[in-house]
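# Inside the fold
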Amino acid sequence: MPNTNTSGKLCLSCQKPIRGRADKKFCDDFCRNQHNNSMKSGPEKLIRNINAILRKNRKILQEQLKQTEKTIAIHRDKLRMAGFQFKYMTNQYQTQKGHTYFFCYDYGYLLLENDWLLVVRKK
Ligand SMILES: [Zn+2]
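For every chain, the first residue of its written sequence is number 1, and the numbers climb from 1 along that sequence. Reporting of local features is limited, given that this is a predicted model, to residues whose pLDDT is at least 70; pairs of side-chain atoms are given and counted only at 80 or more, and all residues count toward the totals for whole chains, interfaces and linings.

### Considerations on the domain arrangement of the chain
Segment limits for the domains were obtained from an automatic or database-derived domain assignment. Entries for the chain in the domain assignment read domain 1 (6-40) and domain 2 (43-121). Taking the mean C-alpha position of each, domain 1 and domain 2 sit 37 Å from one another.

The structure is reproduced here in structure tokens:
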């Protein structure tokens, strides 16, 4: 009799129920290879690269704010030197006064004059 127990999880490659051990992620080596190849190219790669940029942007903003400070004004170049990529953000927020905040997850910034920025943390 073949083992018909399934772990309740679906194969990350073919989406069929996985049989066998609970920690398996794929049916077999074929599915594992298929999945790994698809992760190295195409949309998955693009998504992962952008996610990495957003994560890095957030980390850079986070590093500007010490734990006790709510906001801090810094020059745009300081972020750029740290590797911040301004064209990537997760969302933006416009205040009633017409100021636009650009966010990477829970950290963001407001453009000030002369290439200065106000870095903020979302509550
Ligand atoms: Zn599979």
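### Brief notes about the nonpolar core
The nonpolar side chains of a soluble globular protein tend to be buried, and buried together. Residues of type Ala, Val, Leu, Ile, Met, Phe, Trp, Tyr and Cys that are buried and joined through C-beta atoms within 7 Å form what is called a nonpolar core. Buried means a residue has 20 or more other C-beta atoms within 10 Å of its own C-beta, exposed means 12 or fewer, and partly exposed covers the counts in between; C-beta atoms are placed from the backbone. Core analysis: the largest hydrophobic core is formed by 10 residues, namely Ile60, Leu61, Leu79, Phe84, Cys104, Tyr107, Tyr109, Leu117, Val119 and Val120. Counting only elements with at least two residues in this core, the list comes to helix 2 (42-64), strand 6 (107-111) and strand 7 (116-121). Helix numbers and strand numbers start at the N terminus; a helix is a DSSP run of H or I with at least 4 residues, a strand a run of E with at least 2. Ranked by the residues each element gives to this core, the list is headed by strand 7, at 3 residues. C-beta atoms are placed from the backbone for every residue, and two residues are taken to be in contact when these atoms lie within 7 Å. Filtering out sequence-adjacent residues up to four positions away, Tyr109 remains in contact with Leu61, Tyr101, Phe102, Leu117, Leu118, Val119 and Val120.

### Observations concerning the sheet that holds strand 5 (residues 100-104)
If you trace the 5 strands from one edge of the open sheet to the other, you get 3-7-6-5-4, paired in antiparallel fashion. What marks the edges here is a single partner per strand, and that holds for strand 3 (71-75) and strand 4 (91-94). Averaged over neighbouring strand pairs, the angle between their axes works out to 30° when direction is ignored. Both strand 6 and strand 7 contribute to a ladder of 5 bridges, which runs antiparallel. In the sheet register, Gly108 faces strand 7, and the bridge partner there is Val120. In this analysis, strands are considered paired if DSSP registers two or more bridges between them. The angle between two axes is taken between their N-to-C directions and runs from 0 to 180 degrees, where each axis is a line fitted to C-alpha atoms and a helix contributes only its stretch in contact.

### Concerning unusual backbone geometry
Positive phi is not limited to glycine here, since Asn114 has a value of about 55°. One non-glycine residue, Asp115, lies in the positive phi region at around 65°. Within the fold, Asp115 resides in the loop between strand 6 and strand 7. Overall, the presence of 10 C-beta atoms within 10 Å leaves Asp115 in the exposed class.

### Overview of the pairing of strand 5
Here strand 4 pairs with strand 5 via 4 bridges, running antiparallel. Looking at the pairing, Asn91 lines up with Phe103 of strand 5. As paired elements, strand 5 and strand 6 share 4 bridges and run antiparallel to each other. Counterpart to Cys104 in the pairing with strand 6 is Tyr107. Between strand 5 and strand 6, which pair antiparallel and follow one another directly, the connecting turn spans 2 residues, one of which, Tyr105, has a positive phi of 60°.

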